[in-house]
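Descriptive analysis of the structure
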Amino acid sequence: MSNDRRIVIIGAGVAGLTTALELLDQGHTEITVLEQHGPGFGSSGKSAGVIETQYLDRSGIHVRDFGLRYFERFADDHGIALVRSGYLRYGGCDADMELFQRSLDIQREFGITDPVLLTPREVEERWPALVTDGRVGAVFGPSDGHVESYEFSLRAASVLVARDVPLLLGVALLGAERDANGAWTLQTSAGDVTADIVINAAGPWAKHVSELFGAPMPLNNQLRPKVKMTHSEPLDPMVPFVMDYVPGSGRDGIYFRSEAPNEIFVGIHTDESIQEERNPDDVLGPAPQVFIDRVRDLLPTRLRVPQGLVLGRTWSGLYPISPDNKPIVGASRAAADVVHVMGAGGSGIQLAPAMGRMAAEIALTGTTTSFPDTDWGTARLGLA
Ligand SMILES: Cc1cc2nc3c(=O)[nH]c(=O)nc-3n(C[C@H](O)[C@H](O)[C@H](O)COP(=O)(O)OP(=O)(O)OC[C@H]3O[C@@H](n4cnc5c(N)ncnc54)[C@H](O)[C@@H]3O)c2cc1C
(Lines give C-alpha, C1' and ligand atoms only; values in the text may rest on other atoms or scores of the structure.)
Protein backbone atom coordinates (compact mmCIF):
# COMPACT_ATOMS: atom_id res chain seq x y z
CA MET A 1 0.00 0.00 0.00
CA SER A 2 1.39 3.42 -0.91
CA ASN A 3 2.63 5.84 1.72
CA ASP A 4 0.30 8.61 0.57
CA ARG A 5 -2.94 7.12 1.93
CA ARG A 6 -4.26 9.47 4.60
CA ILE A 7 -4.73 7.67 7.90
CA VAL A 8 -6.71 9.53 10.57
CA ILE A 9 -6.66 8.21 14.14
CA ILE A 10 -9.54 9.10 16.45
CA GLY A 11 -8.29 9.33 20.03
CA ALA A 12 -4.98 10.12 21.75
CA GLY A 13 -5.13 7.51 24.48
CA VAL A 14 -2.61 4.67 24.63
CA ALA A 15 -4.33 2.75 21.77
CA GLY A 16 -4.29 5.66 19.32
CA LEU A 17 -0.80 6.80 20.30
CA THR A 18 0.85 3.37 20.04
CA THR A 19 -0.86 2.85 16.67
CA ALA A 20 0.46 6.19 15.40
CA LEU A 21 4.00 5.42 16.60
CA GLU A 22 3.85 1.98 15.00
CA LEU A 23 2.68 3.44 11.67
CA LEU A 24 5.68 5.79 11.74
CA ASP A 25 8.02 2.90 12.57
CA GLN A 26 6.60 1.02 9.59
CA GLY A 27 7.47 4.01 7.37
CA HIS A 28 4.02 5.56 7.00
CA THR A 29 3.94 9.31 7.56
CA GLU A 30 0.52 10.44 6.28
CA ILE A 31 -1.06 10.33 9.74
CA THR A 32 -3.31 12.78 11.60
CA VAL A 33 -4.52 12.25 15.17
CA LEU A 34 -7.80 13.84 16.33
CA GLU A 35 -8.33 14.18 20.07
CA GLN A 36 -11.45 15.82 21.49
CA HIS A 37 -9.64 16.98 24.66
CA GLY A 38 -5.96 16.21 25.40
CA PRO A 39 -3.67 13.14 25.37
CA GLY A 40 -4.64 10.76 28.18
CA PHE A 41 -7.99 12.49 28.80
CA GLY A 42 -9.87 9.16 28.74
CA SER A 43 -9.15 5.92 30.59
CA SER A 44 -5.43 6.19 29.86
CA GLY A 45 -5.11 9.09 32.29
CA LYS A 46 -6.97 7.30 35.09
CA SER A 47 -5.28 3.92 35.05
CA ALA A 48 -3.08 2.09 37.54
CA GLY A 49 -0.58 1.65 34.68
CA VAL A 50 0.36 -1.91 35.64
CA ILE A 51 2.34 -3.92 33.11
CA GLU A 52 2.79 -7.58 34.01
CA THR A 53 3.13 -11.03 32.55
CA GLN A 54 1.41 -13.12 35.28
CA TYR A 55 -1.31 -14.16 32.87
CA LEU A 56 -2.50 -17.69 32.42
CA ASP A 57 -2.67 -18.45 28.70
CA ARG A 58 0.03 -18.37 26.03
CA SER A 59 -1.41 -15.55 23.95
CA GLY A 60 -2.14 -13.42 27.04
CA ILE A 61 1.49 -13.83 28.12
CA HIS A 62 2.87 -13.26 24.59
CA VAL A 63 1.17 -9.87 24.15
CA ARG A 64 2.00 -8.75 27.70
CA ASP A 65 5.67 -9.72 27.26
CA PHE A 66 5.66 -7.60 24.09
CA GLY A 67 4.05 -4.76 26.08
CA LEU A 68 6.58 -4.93 28.92
CA ARG A 69 9.51 -4.84 26.50
CA TYR A 70 7.91 -1.93 24.62
CA PHE A 71 7.55 0.14 27.79
CA GLU A 72 11.14 -0.74 28.80
CA ARG A 73 12.39 0.67 25.48
CA PHE A 74 10.07 3.68 25.61
CA ALA A 75 11.19 4.48 29.17
CA ASP A 76 14.87 4.27 28.14
CA ASP A 77 14.40 6.31 24.97
CA HIS A 78 12.06 9.00 26.28
CA GLY A 79 12.86 9.37 29.97
CA ILE A 80 9.67 8.14 31.65
CA ALA A 81 9.80 5.80 34.63
CA LEU A 82 8.96 2.11 34.41
CA VAL A 83 8.86 1.27 38.12
CA ARG A 84 9.70 -2.41 38.76
CA SER A 85 7.64 -2.76 41.91
CA GLY A 86 6.73 -6.41 41.18
CA TYR A 87 3.34 -8.07 40.75
CA LEU A 88 1.84 -10.67 43.07
CA ARG A 89 -1.31 -12.59 42.20
CA TYR A 90 -2.96 -14.64 44.95
CA GLY A 91 -4.29 -18.14 44.31
CA GLY A 92 -7.43 -19.25 46.15
CA CYS A 93 -7.27 -23.01 45.47
CA ASP A 94 -4.93 -25.73 44.19
CA ALA A 95 -6.33 -25.37 40.68
CA ASP A 96 -5.18 -21.70 40.67
CA MET A 97 -1.67 -22.79 41.65
CA GLU A 98 -1.63 -25.31 38.79
CA LEU A 99 -2.57 -22.48 36.42
CA PHE A 100 0.20 -20.34 37.89
CA GLN A 101 2.76 -23.16 37.43
CA ARG A 102 1.70 -23.47 33.80
CA SER A 103 2.03 -19.69 33.46
CA LEU A 104 5.63 -19.92 34.72
CA ASP A 105 6.37 -22.66 32.16
CA ILE A 106 4.96 -20.52 29.34
CA GLN A 107 6.75 -17.41 30.57
CA ARG A 108 10.06 -19.31 30.47
CA GLU A 109 9.43 -20.03 26.78
CA PHE A 110 9.35 -16.25 26.30
CA GLY A 111 12.60 -15.83 28.25
CA ILE A 112 10.90 -14.54 31.42
CA THR A 113 12.67 -16.56 34.08
CA ASP A 114 12.34 -14.65 37.36
CA PRO A 115 8.65 -15.18 38.36
CA VAL A 116 8.19 -17.67 41.21
CA LEU A 117 5.45 -19.44 43.11
CA LEU A 118 5.27 -18.55 46.79
CA THR A 119 3.59 -20.30 49.70
CA PRO A 120 1.48 -18.17 52.06
CA ARG A 121 4.31 -18.32 54.58
CA GLU A 122 6.88 -17.14 52.04
CA VAL A 123 4.57 -14.25 51.11
CA GLU A 124 4.27 -13.14 54.73
CA GLU A 125 8.02 -13.56 55.33
CA ARG A 126 8.84 -11.28 52.41
CA TRP A 127 6.11 -8.71 53.13
CA PRO A 128 4.97 -8.95 56.76
CA ALA A 129 2.15 -6.48 56.01
CA LEU A 130 0.42 -8.93 53.65
CA VAL A 131 -2.37 -11.21 54.88
CA THR A 132 -2.73 -14.62 53.23
CA ASP A 133 -5.73 -16.06 55.11
CA GLY A 134 -7.81 -18.25 52.80
CA ARG A 135 -5.19 -18.16 50.05
CA VAL A 136 -3.12 -21.21 49.11
CA GLY A 137 -0.22 -19.32 47.56
CA ALA A 138 0.74 -16.74 44.97
CA VAL A 139 2.67 -16.16 41.77
CA PHE A 140 5.13 -13.26 41.93
CA GLY A 141 6.83 -11.49 39.02
CA PRO A 142 9.64 -9.30 40.39
CA SER A 143 10.30 -7.57 37.04
CA ASP A 144 6.69 -6.51 36.52
CA GLY A 145 5.86 -2.91 37.27
CA HIS A 146 3.94 0.16 36.30
CA VAL A 147 4.18 3.35 34.30
CA GLU A 148 2.37 6.61 34.96
CA SER A 149 0.09 6.18 31.95
CA TYR A 150 -0.95 9.84 31.80
CA GLU A 151 2.74 10.75 31.57
CA PHE A 152 3.22 8.08 28.89
CA SER A 153 0.33 9.60 26.90
CA LEU A 154 1.83 13.10 27.08
CA ARG A 155 5.30 11.84 26.15
CA ALA A 156 4.07 9.68 23.27
CA ALA A 157 2.09 12.67 21.97
CA SER A 158 5.19 14.87 22.11
CA VAL A 159 7.19 12.21 20.22
CA LEU A 160 4.54 12.27 17.47
CA VAL A 161 4.65 16.06 17.26
CA ALA A 162 8.47 15.98 17.12
CA ARG A 163 8.13 13.57 14.18
CA ASP A 164 5.79 16.03 12.39
CA VAL A 165 2.53 14.15 12.93
CA PRO A 166 -0.39 16.61 13.15
CA LEU A 167 -2.00 16.08 16.56
CA LEU A 168 -5.23 18.07 16.57
CA LEU A 169 -6.12 18.65 20.22
CA GLY A 170 -9.55 19.86 21.28
CA VAL A 171 -10.91 18.58 17.97
CA ALA A 172 -13.85 16.17 18.15
CA LEU A 173 -15.08 13.88 15.40
CA LEU A 174 -18.78 14.67 14.98
CA GLY A 175 -19.78 12.74 11.85
CA ALA A 176 -18.49 10.94 8.74
CA GLU A 177 -19.58 10.65 5.12
CA ARG A 178 -18.12 8.98 2.06
CA ASP A 179 -17.11 11.39 -0.70
CA ALA A 180 -17.43 10.74 -4.45
CA ASN A 181 -13.97 9.04 -4.53
CA GLY A 182 -14.85 6.64 -1.73
CA ALA A 183 -12.70 8.44 0.86
CA TRP A 184 -14.13 9.62 4.20
CA THR A 185 -15.00 13.22 4.89
CA LEU A 186 -14.74 13.54 8.66
CA GLN A 187 -16.84 16.33 10.12
CA THR A 188 -14.99 17.67 13.12
CA SER A 189 -15.43 20.55 15.54
CA ALA A 190 -12.65 22.31 13.60
CA GLY A 191 -13.93 21.65 10.06
CA ASP A 192 -13.68 18.78 7.59
CA VAL A 193 -10.74 16.35 7.40
CA THR A 194 -10.30 13.76 4.63
CA ALA A 195 -9.25 10.20 5.39
CA ASP A 196 -8.58 7.12 3.26
CA ILE A 197 -8.33 4.97 6.38
CA VAL A 198 -9.72 5.67 9.83
CA ILE A 199 -8.45 4.15 13.08
CA ASN A 200 -11.13 4.12 15.76
CA ALA A 201 -9.12 4.34 19.00
CA ALA A 202 -11.76 6.25 20.95
CA GLY A 203 -11.63 4.09 24.11
CA PRO A 204 -14.98 4.18 25.96
CA TRP A 205 -16.36 6.35 23.11
CA ALA A 206 -15.36 3.77 20.47
CA LYS A 207 -18.87 2.32 20.25
CA HIS A 208 -20.28 5.77 19.44
CA VAL A 209 -17.49 6.46 16.94
CA SER A 210 -18.06 3.08 15.24
CA GLU A 211 -21.73 4.05 14.76
CA LEU A 212 -20.72 7.33 13.06
CA PHE A 213 -19.14 5.16 10.31
CA GLY A 214 -22.11 2.80 10.06
CA ALA A 215 -19.83 0.04 11.37
CA PRO A 216 -21.17 -0.58 14.89
CA MET A 217 -18.99 -2.36 17.41
CA PRO A 218 -20.14 -3.80 20.74
CA LEU A 219 -18.69 -2.33 23.93
CA ASN A 220 -19.72 -2.23 27.56
CA ASN A 221 -18.11 0.56 29.63
CA GLN A 222 -17.71 -0.42 33.26
CA LEU A 223 -17.04 2.03 36.09
CA ARG A 224 -13.82 1.29 37.96
CA PRO A 225 -12.92 3.71 40.76
CA LYS A 226 -9.56 3.98 42.48
CA VAL A 227 -8.45 5.51 45.75
CA LYS A 228 -5.23 6.75 47.27
CA MET A 229 -4.76 6.22 51.01
CA THR A 230 -2.08 7.56 53.31
CA HIS A 231 -0.92 6.05 56.60
CA SER A 232 1.23 7.45 59.41
CA GLU A 233 2.91 4.07 60.04
CA PRO A 234 5.30 3.43 57.11
CA LEU A 235 5.29 0.03 55.39
CA ASP A 236 8.76 -1.52 55.50
CA PRO A 237 9.19 -3.10 53.06
CA MET A 238 6.64 -1.46 50.80
CA VAL A 239 4.21 -3.92 49.22
CA PRO A 240 4.34 -4.84 45.51
CA PHE A 241 1.26 -4.65 43.30
CA VAL A 242 -1.02 -7.25 44.91
CA MET A 243 -3.94 -8.65 42.91
CA ASP A 244 -6.54 -10.78 44.67
CA TYR A 245 -8.27 -11.74 41.41
CA VAL A 246 -7.72 -14.77 39.18
CA PRO A 247 -8.72 -14.29 35.49
CA GLY A 248 -11.81 -16.32 34.61
CA SER A 249 -12.72 -16.91 38.27
CA GLY A 250 -16.09 -15.14 37.91
CA ARG A 251 -15.48 -12.92 40.96
CA ASP A 252 -13.80 -9.55 41.41
CA GLY A 253 -10.92 -8.87 43.77
CA ILE A 254 -9.15 -6.07 45.56
CA TYR A 255 -5.76 -4.81 44.35
CA PHE A 256 -3.29 -2.40 45.89
CA ARG A 257 0.34 -1.33 45.82
CA SER A 258 2.62 0.97 47.78
CA GLU A 259 3.28 4.25 46.05
CA ALA A 260 5.56 5.42 48.87
CA PRO A 261 6.23 4.08 52.42
CA ASN A 262 3.21 6.07 53.67
CA GLU A 263 0.93 5.78 50.64
CA ILE A 264 -1.06 3.04 48.89
CA PHE A 265 -3.27 2.94 45.82
CA VAL A 266 -6.31 0.64 46.03
CA GLY A 267 -8.89 -0.56 43.48
CA ILE A 268 -11.16 -3.51 42.75
CA HIS A 269 -10.64 -5.46 39.53
CA THR A 270 -12.34 -7.95 37.30
CA ASP A 271 -11.90 -8.44 33.55
CA GLU A 272 -15.62 -9.13 33.25
CA SER A 273 -18.68 -6.85 32.82
CA ILE A 274 -20.59 -7.08 36.10
CA GLN A 275 -22.40 -3.72 36.25
CA GLU A 276 -24.71 -1.60 34.13
CA GLU A 277 -23.13 0.06 31.09
CA ARG A 278 -21.83 3.63 31.60
CA ASN A 279 -22.01 6.56 29.22
CA PRO A 280 -18.49 7.99 28.77
CA ASP A 281 -19.92 11.53 28.51
CA ASP A 282 -21.31 11.35 32.06
CA VAL A 283 -19.23 13.11 34.68
CA LEU A 284 -17.59 10.22 36.50
CA GLY A 285 -16.39 12.17 39.53
CA PRO A 286 -14.81 10.66 42.65
CA ALA A 287 -15.23 7.05 43.80
CA PRO A 288 -18.80 6.27 44.92
CA GLN A 289 -19.34 5.65 48.65
CA VAL A 290 -20.40 2.03 48.02
CA PHE A 291 -16.96 1.40 46.48
CA ILE A 292 -15.13 3.08 49.37
CA ASP A 293 -17.12 0.97 51.85
CA ARG A 294 -16.17 -2.19 49.96
CA VAL A 295 -12.48 -1.19 49.97
CA ARG A 296 -12.69 -0.67 53.74
CA ASP A 297 -14.18 -4.19 54.10
CA LEU A 298 -11.79 -5.97 51.72
CA LEU A 299 -8.47 -4.27 52.44
CA PRO A 300 -7.98 -5.77 55.94
CA THR A 301 -8.49 -9.25 54.47
CA ARG A 302 -5.25 -8.80 52.46
CA LEU A 303 -3.24 -6.11 54.29
CA ARG A 304 -2.47 -5.62 58.00
CA VAL A 305 -3.86 -2.15 57.96
CA PRO A 306 -1.13 0.29 58.96
CA GLN A 307 -1.81 2.84 61.69
CA GLY A 308 -3.24 6.20 60.77
CA LEU A 309 -4.82 5.04 57.49
CA VAL A 310 -6.89 7.81 55.91
CA LEU A 311 -8.61 8.15 52.59
CA GLY A 312 -6.94 10.54 50.15
CA ARG A 313 -7.86 11.46 46.59
CA THR A 314 -10.37 9.21 44.82
CA TRP A 315 -11.43 9.08 41.18
CA SER A 316 -13.40 6.96 38.72
CA GLY A 317 -12.51 5.75 35.25
CA LEU A 318 -13.96 3.36 32.72
CA TYR A 319 -12.89 -0.08 31.55
CA PRO A 320 -14.06 -0.35 27.90
CA ILE A 321 -14.97 -4.07 27.75
CA SER A 322 -15.82 -6.17 24.67
CA PRO A 323 -18.43 -9.00 24.79
CA ASP A 324 -15.74 -11.68 25.40
CA ASN A 325 -13.41 -9.45 27.48
CA LYS A 326 -10.73 -9.47 24.77
CA PRO A 327 -9.59 -6.46 22.71
CA ILE A 328 -11.11 -5.85 19.30
CA VAL A 329 -8.56 -5.04 16.59
CA GLY A 330 -9.79 -5.07 13.00
CA ALA A 331 -12.30 -3.82 10.46
CA SER A 332 -15.82 -5.12 9.95
CA ARG A 333 -17.60 -6.02 6.72
CA ALA A 334 -19.56 -2.75 7.06
CA ALA A 335 -16.41 -0.65 6.37
CA ALA A 336 -13.10 -2.28 5.47
CA ASP A 337 -11.31 1.07 5.79
CA VAL A 338 -12.28 1.70 9.43
CA VAL A 339 -9.94 -0.20 11.74
CA HIS A 340 -11.19 -0.48 15.33
CA VAL A 341 -8.63 -0.81 18.13
CA MET A 342 -10.62 -0.93 21.34
CA GLY A 343 -12.16 -2.94 24.16
CA ALA A 344 -9.08 -3.87 26.22
CA GLY A 345 -10.91 -3.36 29.52
CA GLY A 346 -8.58 -3.22 32.51
CA SER A 347 -5.50 -4.29 30.53
CA GLY A 348 -5.46 -1.54 27.92
CA ILE A 349 -2.10 -0.05 28.94
CA GLN A 350 -0.14 -3.30 28.89
CA LEU A 351 -1.91 -4.48 25.70
CA ALA A 352 -1.65 -1.17 23.79
CA PRO A 353 1.73 -1.91 22.17
CA ALA A 354 0.44 -5.21 20.69
CA MET A 355 -2.89 -3.63 19.75
CA GLY A 356 -1.08 -0.72 18.06
CA ARG A 357 1.19 -3.10 16.14
CA MET A 358 -1.79 -5.11 14.88
CA ALA A 359 -3.90 -2.05 14.01
CA ALA A 360 -1.02 -0.51 12.05
CA GLU A 361 -0.47 -3.74 10.11
CA ILE A 362 -4.17 -3.98 9.24
CA ALA A 363 -4.30 -0.32 8.19
CA LEU A 364 -1.25 -0.73 5.93
CA THR A 365 -1.77 -4.22 4.51
CA GLY A 366 -5.36 -5.24 5.26
CA THR A 367 -4.21 -8.05 7.55
CA THR A 368 -2.03 -8.72 10.59
CA THR A 369 0.70 -11.33 10.97
CA SER A 370 2.01 -10.42 14.41
CA PHE A 371 0.56 -12.38 17.35
CA PRO A 372 -1.15 -15.14 15.35
CA ASP A 373 -2.06 -16.77 18.68
CA THR A 374 -4.46 -13.91 19.57
CA ASP A 375 -8.13 -13.94 18.61
CA TRP A 376 -8.78 -10.21 18.59
CA GLY A 377 -10.30 -9.89 15.10
CA THR A 378 -13.89 -9.00 14.30
CA ALA A 379 -14.66 -12.46 12.80
CA ARG A 380 -15.08 -13.98 16.27
CA LEU A 381 -17.89 -11.43 16.84
CA GLY A 382 -19.55 -12.35 13.53
CA LEU A 383 -18.70 -8.91 12.10
CA ALA A 384 -16.02 -9.69 9.48
C1 LIG B 1 -9.08 2.79 37.43
C2 LIG B 1 -8.44 2.12 36.24
C3 LIG B 1 -7.29 1.37 36.41
C4 LIG B 1 -6.70 0.73 35.31
N5 LIG B 1 -5.55 0.03 35.51
C6 LIG B 1 -4.92 -0.54 34.46
C7 LIG B 1 -3.67 -1.19 34.65
O8 LIG B 1 -3.14 -1.24 35.76
N9 LIG B 1 -3.06 -1.75 33.56
C10 LIG B 1 -3.63 -1.73 32.31
O11 LIG B 1 -3.06 -2.28 31.38
N12 LIG B 1 -4.82 -1.10 32.10
C13 LIG B 1 -5.47 -0.50 33.14
N14 LIG B 1 -6.65 0.15 32.95
C15 LIG B 1 -7.29 0.11 31.62
C16 LIG B 1 -6.71 1.13 30.68
O17 LIG B 1 -6.57 2.38 31.33
C18 LIG B 1 -7.62 1.28 29.43
O19 LIG B 1 -7.93 0.02 28.88
C20 LIG B 1 -6.89 2.09 28.37
O21 LIG B 1 -6.44 3.30 28.91
C22 LIG B 1 -7.79 2.37 27.16
O23 LIG B 1 -7.03 3.17 26.28
P24 LIG B 1 -7.66 3.75 24.96
O25 LIG B 1 -6.59 4.51 24.26
O26 LIG B 1 -8.35 2.67 24.22
O27 LIG B 1 -8.83 4.73 25.46
P28 LIG B 1 -8.73 6.21 26.15
O29 LIG B 1 -7.52 6.36 26.97
O30 LIG B 1 -10.04 6.43 26.78
O31 LIG B 1 -8.55 7.13 24.88
C32 LIG B 1 -9.58 7.40 23.97
C33 LIG B 1 -9.43 8.85 23.53
O34 LIG B 1 -10.33 9.09 22.46
C35 LIG B 1 -10.80 10.42 22.58
N36 LIG B 1 -12.05 10.52 21.83
C37 LIG B 1 -13.19 9.85 22.08
N38 LIG B 1 -14.15 10.21 21.20
C39 LIG B 1 -13.60 11.12 20.37
C40 LIG B 1 -14.10 11.87 19.26
N41 LIG B 1 -15.36 11.75 18.83
N42 LIG B 1 -13.27 12.75 18.66
C43 LIG B 1 -11.98 12.88 19.08
N44 LIG B 1 -11.46 12.21 20.13
C45 LIG B 1 -12.27 11.33 20.76
C46 LIG B 1 -10.98 10.58 24.08
O47 LIG B 1 -11.00 11.96 24.45
C48 LIG B 1 -9.79 9.82 24.65
O49 LIG B 1 -8.69 10.65 24.91
C50 LIG B 1 -7.27 0.82 34.01
C51 LIG B 1 -8.42 1.60 33.84
C52 LIG B 1 -9.01 2.25 34.93
C53 LIG B 1 -10.24 3.07 34.71
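Provided above is the structure to which this section pertains.
Residues numbered from 1 in each chain as written. Predicted model: local features only at pLDDT ≥ 70, side-chain atom pairs only at ≥ 80, totals over all residues. Heavy atoms only, no water.

1. A closer look at the pattern of salt bridges
The tally for this structure, following the rule as stated, stands at 20 salt bridges. Measuring nitrogen to oxygen at the nearest pair gives 3.4 Å for the salt bridge that ties Asp25 to Arg163. Residue Asp25 is located in helix H1 (residues 14–25), and its partner Arg163 is located in the loop between helix H5 (149–162) and strand S9 (167–169); the two are separated by 138 residues in the primary sequence. According to the relative accessible area criterion, Asp25 is exposed, its value standing at 54%. When its relative accessible area of 39% is taken as the criterion, Arg163 is described as partly exposed. Note that Arg58 and Glu109 form a salt bridge whose closest N and O atoms lie 2.4 Å from each other. With a gap of 51 residues between them, Arg58 in helix H2 (residues 58–78) and Glu109 in helix H3 (residues 94–109) connect regions that are remote in the sequence. When its relative accessible area of 53% is taken as the criterion, Glu109 is described as exposed. Taken together, the shared-partner salt bridges in this structure form one network comprising Glu52, Arg64 and Arg89. (Salt bridge = Lys/Arg side-chain N within 4 Å of Asp/Glu carboxyl O. Helix = DSSP H or I, 4+ residues; strand = E, 2+ residues; numbered from the N terminus. Buried < 20%, exposed > 50% of the residue type's maximum accessible area, 1.4 Å probe, protein only.)

2. Here we look at the sheet that holds strand S8 (residues 145–147)
Across the sheet, three strands lie side by side as S3-S8-S4; this open sheet has antiparallel pairing. Of all strands in the sheet, those bounded by a partner on one side alone are strand S3 (50–51) and strand S4 (82–83). By the bridge criterion, two bridges tie S3 to S8 in an arrangement that is antiparallel. Within S8, the residue paired with Val50 across the bridge is His146. (Pairing = 2+ DSSP bridges.)

3. Quick word on the layout of surface pockets
Here the second largest pocket defines a volume of roughly 420 Å³. The wall of the second largest pocket is formed by 29 residues, among which Tyr55, Arg64, Asp271, Asn325 and Lys326 lie closest to the centre. The greatest single-element share of the lining of the second largest pocket, amounting to four residues, is contributed by H2. Each of domain 1 (7–44 + 150–218 + 324–381) and domain 2 (85–144 + 220–321) gives at least three residues to the lining of the second largest pocket. (1 Å grid on protein atoms, 1.4 Å probe; cavity = no way out; pocket = protein on both sides within 12 Å on 5 of 7 lines; lining within 4 Å. Points joined across faces, edges and corners; volume = space filled by probe spheres on them. Domains from an automatic or database assignment.)

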